[in-house]
Amino acid sequence: MAGLVSRRVRRRRLRVAAGIVAAVTTAHDPTPALPVFADVDTGVDDAMALVYLLASTDADVVGIASTGGNVDVDQVCRNNLGLLQLCGATDIPVSRGADQPLSAAMRTAEDTHGPAGLGYAELPRHDREPTSYDSAEAWVRAAHAHPGELIGLVTGPLTNLALALRAEPTLPSLLRRLVIMGGSFDYRGNTTPVAEWNISVDPESAAEVFAAWGAAWGEQDPDHLPIVLGLNVTENVAMTPAILARLAAAAGTPTPEMSVTDTRGTRSPATNPLIGTLEDAMRFYFEFHHDQGEGYLAHLHDPLAAAAALDPGLVRTRATTVDVELVGALTRGMTVADWSGHWGRRPNALIGTETDPTVFFDRFIDRVGRYARRF
Ligand code: RIB
Ligand code: CA
């Protein structure tokens with residue numbers, strides 16, 4: 001009981017602290033926009049994360065890297081370009097990443113995110129092309145353009161970040177912050193019994209990324225270690241039909257609360273194109289989680305990572321050494337945290353351990369709801 005009480009007290013303190021920060025930020029001039037580079041495998045929750053960044057006045061999205069994962073890399077490019085077209089953010093460059101993981105065969109997850117990766121949503125047509133340079137080069141260019149200031153966010157497999165590190169080994173010292181949605185720590189997997197999707201698709205790239213930050217640690221303080229949000233913390237952030245209805249209301253276009261009894265594939269009645277797109281995407285994601293026995297809900301892994309990229313205070317973290325199992329017949333792709341220091345290696349990550357979903361959703365709805373009123 002004592003543990004439960006202290007956890008409740010800690011959550012209340014997190015909420016109070018976040019509320020004070022939000023109040024102060026709102027009351028005074030907002031902090032200058034932070035340059036953000038997002039590497040995504042746009043699927044449903046990646047799209048929600050990108051919309052959150054576009055809706056955030058403290059974020060300046062300077063580039064988007066497309067990584068194959070939820071759907072193949074070309075479909076990820078189309079989703080990113082189509083979403084930016086919908087949001088009128090067509091000045092943001094979108095790059096195309098590698099065709100394959102570093103050494104694994106490409107796998108995709110259309111069962112989870114839909115045949116095109118955005119559930120039932122259909123994005124507007126666009127005439128834009130990805131950049132002439134690839135995503136690894138895009139990482140390096142963005143880091144050199146914003147030395148020491150760029151915030152990196154990865155919500156897909158780490159293939160292109162690993163390739164960027166091979167091209168520019170000083171990348172860890174060029175980034176102000178790196179947030180990775182990936183892994184699962186002292187918690188089950190979602191792709192195998194122990195592996196989480198983003199790591200499972202390309203375990204070798206994840207291992208190279210964690211090793212690179214471990215090697216760089218001597219040149220920077222622990223705050224520059226990557227914040228790694230695994231399923232153990234992101235599955236605390238579950239979108240529900242009631243919360244989604246709050247978003248539509250905040251956008252000024254209230255819609256009926258979705259239900260598991262609705263006919264599958266029912267399209268959103270929202271007159272607001274952004275809310276309609278998000279609702280059509282989320283319905284497919286709700287149906288998938290329901291079919292998995294997790295309830296008519298949807299874990300917002302990537303939006304939590306995006307929110308933490310702008311405000312690390314949203315998550316509690318603990319520094320440790322992380323590595324990735326590469327050869328285990330049953331455990332390949334598993335992220336292993338050496339909490340007790342058995343390996344005697346430098347810490348290379350700040351592992352997310354706790355978040356307050358209420359604080360996250362209040363901020364998500366406030367920002368995206370306000371942003372959607374423009375459409
Ligand atoms: O395991 C969850 C992660 O895998 C999320 O980033 C989701 O979009 C998929 O990429
Ligand atoms: Ca993702």
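Cut-offs and rules
- Residues numbered from 1 in each chain as written.
- Chains lettered and ligands numbered in written order.
- Predicted model: local features only at pLDDT ≥ 70, side-chain atom pairs only at ≥ 80, totals over all residues.
- Heavy atoms only, no water.
- Salt bridge = Lys/Arg side-chain N within 4 Å of Asp/Glu carboxyl O.
- Helix = DSSP H or I, 4+ residues; strand = E, 2+ residues; numbered from the N terminus.
- Buried < 20%, exposed > 50% of the residue type's maximum accessible area, 1.4 Å probe, protein only.
- Near = heavy atom within 4 Å.
- Polar contact = N/O pair within 3.5 Å; in protein donor to acceptor, adjacent residues only side chain to side chain.
- Areas by Shrake-Rupley, 256 points an atom, 1.4 Å probe, with all protein chains shown as cover.
- 1 Å grid on protein atoms, 1.4 Å probe; cavity = no way out; pocket = protein on both sides within 12 Å on 5 of 7 lines; lining within 4 Å.
- Sits in = over half its atoms within 2 Å of the grid points.
- Nonpolar A, V, L, I, M, F, W, Y, C, P; charged D, E, K, R; others polar.
- Core = buried A, V, L, I, M, F, W, Y, C linked by side-chain atoms within 4.5 Å.
- Contact = heavy atoms within 4.5 Å.
- Points joined across faces, edges and corners; volume = space filled by probe spheres on them.
- Pairing = 2+ DSSP bridges.
- Phe/Tyr/Trp six-rings, centres within 6.5 Å; stacked < 30°, edge-to-face > 60°.
- Lys NZ or Arg CZ within 6 Å of the ring centre and 35° of its normal.

## Considerations on the pattern of salt bridges
Thinking step 1. Scanning the model with the defined rule gives 15 salt bridges in all.
Thinking step 2. Of the charged contacts in the structure, one is a salt bridge between Glu-204 and Arg-332, with a shortest N-O distance of 2.7 Å. Placement of Glu-204 in helix α9 (residues 203–216) and of Arg-332 in the loop between β10 (322–324) and β11 (335–337) is noted, with a sequence separation of 128 residues between them.
Thinking step 3. A relative accessible area of 28% places Arg-332 in the partly exposed class.
Thinking step 4. Of the charged contacts in the structure, one is a salt bridge between Asp-291 and Arg-264, with a shortest N-O distance of 2.4 Å. Of this pair, Asp-291 sits in helix α12 (residues 273–291) while Arg-264 sits in the loop between α11 (241–250) and α12, placing them 27 residues apart in sequence.

## Some points on the site of ligand 1
Thinking step 1. In the region of ligand 1, 14 residues are neighbours, and Asp-45, Asn-190, Glu-196, Asn-198 and Asp-302 sit closest.
Thinking step 2. Residue Thr-155 places a main-chain N or O atom 2.9 Å away from an oxygen atom belonging to ligand 1.
Thinking step 3. A distance of 2.6 Å separates an oxygen atom of ligand 1 from a polar atom in the side chain of Glu-196.
Thinking step 4. Look at ligand 1: alone it shows 270 Å² of surface, and the protein chains cover 97% of it.
Thinking step 5. Under a 2 Å grid-point criterion requiring more than half of the atoms, the pocket assigned to ligand 1 is the second largest pocket.
Thinking step 6. Elements with a contribution of two residues or more to the shell around ligand 1: α2 (44–55), α8 (197–201) and α13 (301–310).
Thinking step 7. Per-class residue counts for the shell around ligand 1 are 3 nonpolar, 6 polar and 5 charged.

## Here's the deal with the nonpolar core
Thinking step 1. Counting 73 residues, the largest nonpolar core has Leu-53, Leu-229, Met-239 and Met-282 as its most contacted members.
Thinking step 2. Sorting elements by how many residues they give to this core places α2 first, with 10 residues.
Thinking step 3. In this view, Met-282 contacts Val-44, Met-48, Met-239, Leu-244, Ala-298 and Leu-300; residues no more than four positions away in its chain are not counted.
Thinking step 4. By size, the runner-up hydrophobic cluster in this structure holds 33 residues, among which are Val-140, Ile-180, Val-228 and Val-324.

## Describing the layout of surface pockets
Thinking step 1. Taken as a whole, the second largest pocket holds about 460 Å³ of empty space.
Thinking step 2. Along its surface, the second largest pocket is lined by 26 residues, and Thr-112, Asn-190, Thr-191, Trp-197 and Phe-288 are the ones closest to its centre.
Thinking step 3. Counting only elements with at least two residues in the lining of the second largest pocket, the list comes to α2, α4 (110–113), α8, α12 and α13.
Thinking step 4. Of the residues in the lining of the second largest pocket, the class split is 5 nonpolar, 12 polar and 9 charged.

## So, the pairing of strand β4 (residues 150–154)
Thinking step 1. Among the 5 residues in β4, 5 count as buried, and that is most of the element.
Thinking step 2. Burial of β4 is two-sided: the residues Leu-150, Gly-152 and Val-154 facing one way and the residues Ile-151 and Leu-153 facing the other way are all buried.
Thinking step 3. Relative to β4, strand β1 (residues 34–40) runs parallel, the two sharing 4 bridges. Pairing of Phe-37 across the sheet is with Gly-152, part of β4.
Thinking step 4. Across 5 bridges, the pairing between β4 and strand β5 (residues 175–181) is parallel.

## Quick word on the packing of aromatic side chains
Thinking step 1. This model, assessed by the stated rule, comprises 7 aromatic pairs.
Thinking step 2. Between Tyr-120 and Phe-284, the aromatic rings sit 5.2 Å apart at their centres with planes inclined by 70°, giving edge-to-face as the arrangement. In this pair, Tyr-120 is assigned in the loop between α4 and α5 (135–145) and Phe-284 in helix α12, connecting sequence segments 164 residues apart.
Thinking step 3. Note on Tyr-120: relative accessible area 18%, which makes it buried.
Thinking step 4. For Phe-284, a relative accessible area of 15% corresponds to the buried category.
Thinking step 5. Through a chain of ring-to-ring contacts, the aromatic side chains of Tyr-52, Phe-360, Phe-361 and Phe-364 assemble into a single cluster.
Thinking step 6. One Lys or Arg, Arg-141, reaches over the ring of Tyr-133 and ends 3.8 Å from the middle of that ring.

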